[in-house]
Amino acid sequence: MDSGFFDYPDVDSAASRAAAELRFLPDWTDDEWARLLQHAAARPFRLGETVIRAGESERSLMIVVDGRLDVFFRAGQFGREVRRQSCDAGSVIGEQAFLDGLPRSATIRAVTDGRLMQLTPEAFEAFAGHWPALGKRFLFDLGRIVSLRLRRTTAMLEREGR
Amino acid sequence: MAGATVPGAFPNYLQLRERGWLPARLWPVLRVASVAAAVATVALLVLVPDLGLKFCWGLAVPVLPALFFVAPGLWRNVCPLAALNQLPRTAGFTRAGRPPEWLLRHGYLVAVGGLLVAVSARKWLFNDSATATAALIVAAMLLAFTGGVLFRGKSGWCSLVCPVLPVERLYNETPFVRVANRHCDPCVGCTKNCYDFNPLAANLSDAYDDDATWAGYRRLLAAIFPGFLIAYFGLSEPTAIGLGAWHLAFALHLAASAGIFFAVATLVRMPPGRLPAIFAVVALNIFYWYVTPLWLANLATLVGVVAPSWLAWLLRAGLLAASVLWLWRGVRKERAFVGRLAEGEGSRLTAGATAALGRAAAGGQEVVFQPQDRRVAVEAGRSLLEIAEANRLPLEAGCRMGMCGADPVLIVAGMEHLPPRGDDENATLARIGLAGNPQARLACMCRVRGPVTVSLAPGSATGGAAAPAAADAGAAAPRSTTARADATVRALVVVGNGIAGVTAADHARRLHPDCEIHLVGAERHPLYNRMAITRLIYGRSAMAGLALNPESWCEERRITAWLNTSVHAVAPTSRTLVLGTGETLAYDRLVLATGATCLIPPIPGFGIAGSYGLRDADEAMAIREFVQKKACRRAVVAGGGLLGLETAYALHKLGLRVTVLERGPWLLRRQLDARAAALLASYLHGLGIEILFQTEVAALVCDDRVRVATLKSGEDLACEVFVVCAGIVPQVELACRLGLAVGRGIRVDSRMATRDAAIFAAGDCAEFDGEIPGLWPTAVEQGRVAGANAVGGDEIYVPQAPCTALKVAGIDVASFGRIDAGEGETEVVREDEATRRYRKFVLREGRLAGAILIGCPEWSLGVQRALKGGRDLGALAGQLAGDDPAVFG
Ligand SMILES: Cc1cc2nc3c(=O)[nH]c(=O)nc-3n(C[C@H](O)[C@H](O)[C@H](O)COP(=O)(O)OP(=O)(O)OC[C@H]3O[C@@H](n4cnc5c(N)ncnc54)[C@H](O)[C@@H]3O)c2cc1C
Ligand code: SF4
Ligand code: FES
């Protein structure tokens, strides 16, 4: 499993390679980021605040600037909330709803104060309207990441189905 | 999560060492002692075989599983075999080779094989043979040492093929006592998922490994382990049933155990780490169930300490309790582990991008929206309306200039961080009954300069829309305070309940407290925001939110509203109107505010299903309905003016492919110059809206509905929805019947009076000084003048420079007054290519005469005020090319 638990020194581990693959838009310059972020809205959050609620049909893409948030899924027959993941600076959240427009599958709650940048599909459209080439690269890279994750999920299911 | 640091729940040995509880110097001493103890045991076995066997198998070995269970790291550090294995590395004579690939992958099987053979052989060999046992120990020591000479790290023995390793790893996932690896300095990455490297993650990493064989070996050992121990302790002695039969029975036990394991795994869904953990503790309890009394007995014979008989029970029960605790900890750890794996699945930014992000988010003003309790941080200079829209908060919009009143809000805190209310805003707030509330604002006019808390539900907050309208009646006081109501006016009729008509009725009532006022409108809806009707095409909330006045508005003002009623005919001599229903309405004064309709050029085919003009709400909703019913994909909009572009954008948002046809060489010719229009066109093009210049439609090709638009150039465009936005035609029929002077519109003087002194006209139907601006603010101002004058007032209409904003999301386009410098005028132009911003100011005698703003919303309020105020900007002209909108104060 490419988890980063066994990043032996001086060994180019599968984990760090895998993580590098998931980097979003790794080659964008500061200027290109600035153009994108001009269309994003900064959103501060407070400890305990629910930033995304499962089932909501709100579809913006979010990038954590600082602070930490936990991701909860409903699991099991009683729909208990299970903490599944936590995100901090640089994490990209919500790309699925951003792309497919379906209701949110997870609840995201802040465990510290912090800030995130929020990009609604409308804001993205405006960005891409001004900079079509950047918009194309943005979508292509997001699609690449979603596809990679689908591959990894498939692999994980194969493992669990063993 | 990647990178060398995996903090938190899964520290590696280097991170664990920081909290080491034994001084590092002590470990070599302990190792020497343990090797010495091993040598002593061998000596004992050789010299005093009985005692040696009892000590070795009866006392020492049975303690080891408990040690693996409680403090596995301790044993990994002091095991005599490990000490010998690491000697060549410490002393520097190891060859440090890499074990062959097959051994790295299948070493676990070798180790398990060694374990099974060695343990089962105890039954028929080692338990009774001191010599064989001594030989076993010596052989193991030699092998461990040789492995250390040949292979790097601990891969020569400890971490790859040592037969005890699989047992250690069954129990080492949640040690009660953590001891960091003290052998490896530095780590050379000798084996996969090394326990010594990351003790807490090693087992689970195996269980979740991508390599099914790798993970399977480990499950297999857990599966057979309880059966293995039952066989070992439960079967009769091999001597009693024969070695062959014994081995067969032994194998059947393993098979049965594995069978149960895999049956449970199939029937009960569990995360991969759980069942092996359960089987491992079951095996451990089986082991100590048998061993505890024997061990206590051996202790008695060897040391002479006789334990009380309940002690065995106590120890077994203690182990059981510890096992439950251990399992529970394992469950929690697996959850944390899966969480970490999932984190590895998340996409992230590079460090550089994260830094850019930090810069972008820094230094904003915090705005809090209630009742959602949504906080946002924004650049100073943005309006509350823009901020709400960017964050998808429910707020309507229309003019974006404080004229329509679509976006009232209450400022809960931070009013001092907003510009003060201006005249237009006050007048609009007065119309919607909020001027008396000092907290009320129009969101489009509130450009934030500091932290603000806003309530988006002005009706629900204290003193909100519920405040009696009467309190506002005088808020926007008529300009001539001496005006007196004309007592001879008993009945006023206003025809048209658009903004001009409603404003006229409003101001008539303010001045004249008791005349009858009738407001007759042909449309089905009370006053709504005509400027926002394109939202009805793409939005899902239909008319909700489009109304501009509270429902009780007419009633509170004692105005009789006639909706869905048109005025048909007139009887001028008796001052009576005939309604479409046949009813009649007598008036002393009449205000005509009949507005305008779309200009429809003669286009063959126009009028067939799918062709539209767009002026009122019902037309907009009809377009949306048609697009859904016929599943339309292609639309053509004729006209590249404000209305045409807003319509094109609405159809685009509804999912259609849209082409805009513009007769002239650029878009918005009345509002923009060529350069600004090019910026706009490039944006619209980027959105996917096609724009064709210098073309016109020649004809529509239809069957039962529109199919193709043929251009004058001969080109054919696929077209299912065709919307004409080519300008307006004032509605003057009624005026003609009344015998009033009519040009393009109803001719009025500066008091908004027509040729008949009892009849006034205002808004899009009125022509003053040869002009029909067709704009909302004009309709408001003319309505105010006409309404007041109709009941005795003495107001004068002074034309204002036109202010317009394009309502297309993602680009701020605003135009004010003059857009090109003429005789005696100068221009200041500033363009920033990289950010697509454009500003142009036209100055006449040092005063602002007009402006074009693209992408500079923070300038528009100042420009609006400078245009109205007519302040001399002569000295500031130099700063107009700068970046600070504060030039306008
Ligand atoms: C989509 C769109 C966007 C616009 N955007 C802007 C903008 O951004 N900025 C701006 O300044 N302006 C804008 N305008 C123009 C603005 O809406 C008009 O200038 C304004 O509505 C004129 O108001 P009015 O009261 O004079 O006429 P109208 O609003 O047209 O009202 C006239 C009313 O009278 C009724 N009527 C007519 N004849 C009769 C009769 N015989 N009996 C009874 N009732 C009758 C009509 O049904 C209608 O309801 C826009 C217009 C549209 C359509
Ligand atoms: S992988 Fe590193 S820590 Fe583990 S045994 Fe090998 S050298 Fe030691
Ligand atoms: S008053 Fe704010 S949008 Fe019209």
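Here the residue index of a chain counts from 1 through its sequence in written order. Chain letters start at A and ligand numbers start at 1, both assigned in the order the entries are written. Where local features are concerned, this predicted model is filtered to residues with pLDDT of at least 70; where side-chain atom pairs are given and counted, the filter is 80 or more; whole-chain, interface and lining totals use all residues. Side-chain figures throughout are based on the complete set of non-hydrogen atoms in the structure, without hydrogens or water.

1. So, the overall build of chain A
- Each helix is a run of H or I in the DSSP string that is no shorter than four residues. Each strand is a run of E no shorter than two, and both are numbered from the N terminus. Looking only at helices and strands, one finds five helices and nine strands in chain A.
- Here's how the labels work: a residue is buried when its accessible area is under 20% of the maximum for its type, exposed when over 50%, partly exposed in between, all with a 1.4 Å probe on protein chains only. Burial status across chain A gives 52% buried among its 162 residues.
- Excluding contacts between residues fewer than 6 apart, the proportion of contacts in chain A whose partners are at least 24 apart in sequence is 73%. Throughout, a contact is declared for two residues whenever any of their heavy atoms are within 4.5 Å.

2. Considering the site of ligand 2
- Throughout, near means a residue has at least one heavy atom within 4 Å of the molecule or strand. Around ligand 2 sit 13 residues, and of these Asn181(B), Cys184(B), Cys187(B), Cys190(B) and Cys194(B) come closest.
- When residue character is reported, Ala, Val, Leu, Ile, Met, Phe, Trp, Tyr, Cys and Pro are called nonpolar, Asp, Glu, Lys and Arg charged, and the others, Gly included, polar. Tallied by class, the residues present in the shell around ligand 2 amount to six nonpolar, four polar and three charged.

3. What to know about the sheet that holds strand β7 (residues 491-495) of chain B
Residue and element names in this part refer to chain B.
- Following DSSP output, two strands are said to pair if at least two bridges run between them. With parallel pairing, the five strands of this open sheet are ordered in space as β9-β8-β7-β13-β25. Of all strands in the sheet, those with a lone pairing partner are β9 (559-562) and β25 (759-761), marking the two edges. Here the strands of the sheet are splayed against their neighbours by 15 degrees on average, with no regard to which way each runs.
- The pairing of strand β13 (residues 589-592) with β25 spans three bridges and is classified as parallel. Looking at β25, one finds that Val 591 is bridged to Phe 760.
- Angles run from 0 to 180 degrees between N-to-C directions of axes, and those axes are lines fitted to C-alpha atoms, restricted for helices to the stretch in contact. Sitting on the sheet, helix α20 (residues 499-511) touches β7, β8 (516-520), β9 and β13, and the angle it makes with β8 is about 175 degrees.
- The strands that helix α27 (residues 776-790) touches are β7, β13 and β25; relative to β25, the one it contacts most, it runs at about 170 degrees.

4. A short note on the domain arrangement of chain B
- Start and end points for every domain follow an automatic or database-based domain assignment. By the assigned domains, chain B splits into domain 1 (24-342), domain 2 (360-475), domain 3 (491-597 + 730-790), domain 4 (600-726) and domain 5 (818-888).
- Each of domain 1 of chain B and domain 5 of chain B was reduced to a C-alpha centroid, and the two centroids are 83 Å apart.

5. Focus on the pattern of salt bridges
- Any carboxyl oxygen of Asp or Glu that lies within 4 Å of a side-chain nitrogen of Lys or Arg is treated as forming a salt bridge with it. Applying the stated criterion to the full structure yields 56 salt bridges over all chains.
- Here Arg784(B) makes a salt bridge to Glu795(B), at a shortest N to O gap of 2.7 Å. Remark: Glu795(B) occurs in the loop between α27 and β27 (803-806) and Arg784(B) occurs in helix α27; sequence separation between them is eleven residues. Both residues of the pair, Arg784(B) and Glu795(B), count as buried.
- The partner of Glu825(B) in a salt bridge is Arg818(B), with the nearest N and O atoms 2.8 Å apart.
- Residue classification places Arg818(B) among the partly exposed positions, given a relative accessible area of 35%.
- A single network of salt bridges, built from pairs that share partners, joins Arg46(A), Glu366(B), Asp373(B) and Arg375(B).

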